[in-house]
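# Secondary and tertiary structure notes
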Amino acid sequence: MAKLKVAGAWVGVLEVELDNWTVPMLRAEVARRSNLGTESINLISAGKVLRDDDGSQKLSQLGLKNNSKVLSSRVAVDEGKSLKAKFLAEEERIARLARLNGLGAEAASLPSSQQGVLGD
């Protein structure tokens, strides 16, 4: 058994088996002890956000060791959804700009007699 020192939304020490526990299991335990929903708990260790992904990665595979420190922060569910929407909108904007920049490069490589045709 390894000890994880948890601070933030809940403060305490958890005894876990790093080779058996996954991020969803850790998140559920912290949520249970802090009386919050699992969707409102964000876990960070060694500067990295611990993500659920497919839920199969063990804590030891993520680099957690005995006496590792984990920050548990509380996030508003609606805030997380709005941040995701903003992130997706920003990705779309970047993709559109990249396409436009690609068109500009194509137009610059055309002979001057054909450049007006591309923009019409």
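Scroll up for the structure.
Structural notes, computed from the coordinates. (Residues numbered from 1 in each chain as written. Predicted model: local features only at pLDDT ≥ 70, side-chain atom pairs only at ≥ 80, totals over all residues. Heavy atoms only, no water.)

Looking now at the pairing of strand β5 (residues 68–74). Bridge count between strand β1 (residues 2–8) and β5: 5 bridges; the pairing is parallel. Note on β5: the bridge partner recorded for Val-6 is Val-70. (Pairing = 2+ DSSP bridges. Helix = DSSP H or I, 4+ residues; strand = E, 2+ residues; numbered from the N terminus.)

Turning to the nonpolar core, a few remarks are in order. By size, the foremost hydrophobic cluster in this structure holds 18 residues, and its most contacted members are Leu-26, Val-30, Leu-43 and Leu-59. Mapped by element, the contributors of at least two residues to this core are β1, β2 (12–16), α1 (23–34) and β3 (41–45). Counting residues per element, this core draws most heavily on α1, at 4 residues. With sequence-adjacent residues up to four places away left out, Leu-59 is seen in contact with Leu-4, Val-16, Leu-18, Trp-21, Thr-22, Val-23, Leu-26 and Leu-64. (Core = buried A, V, L, I, M, F, W, Y, C linked by side-chain atoms within 4.5 Å. Buried < 20%, exposed > 50% of the residue type's maximum accessible area, 1.4 Å probe, protein only. Contact = heavy atoms within 4.5 Å.)

Along the chain, Ser-72 falls in strand β5. Residue class for Ser-72 comes out buried when judged on its relative accessible area of 1%. Contacts of Ser-72, omitting those with residues within four sequence positions, involve Val-6, Ala-7, Gly-8, Ala-9, Trp-10, Val-30, Ile-41, Asn-42 and Leu-43.

Our next topic: the pattern of salt bridges. All told, the structure shown has 6 salt bridges when counted by the stated rule. Among the charged side chains, a network of salt bridges with common partners joins Glu-29, Arg-32 and Arg-33. (Salt bridge = Lys/Arg side-chain N within 4 Å of Asp/Glu carboxyl O.)

What is shown is where atoms sit, not what they do.
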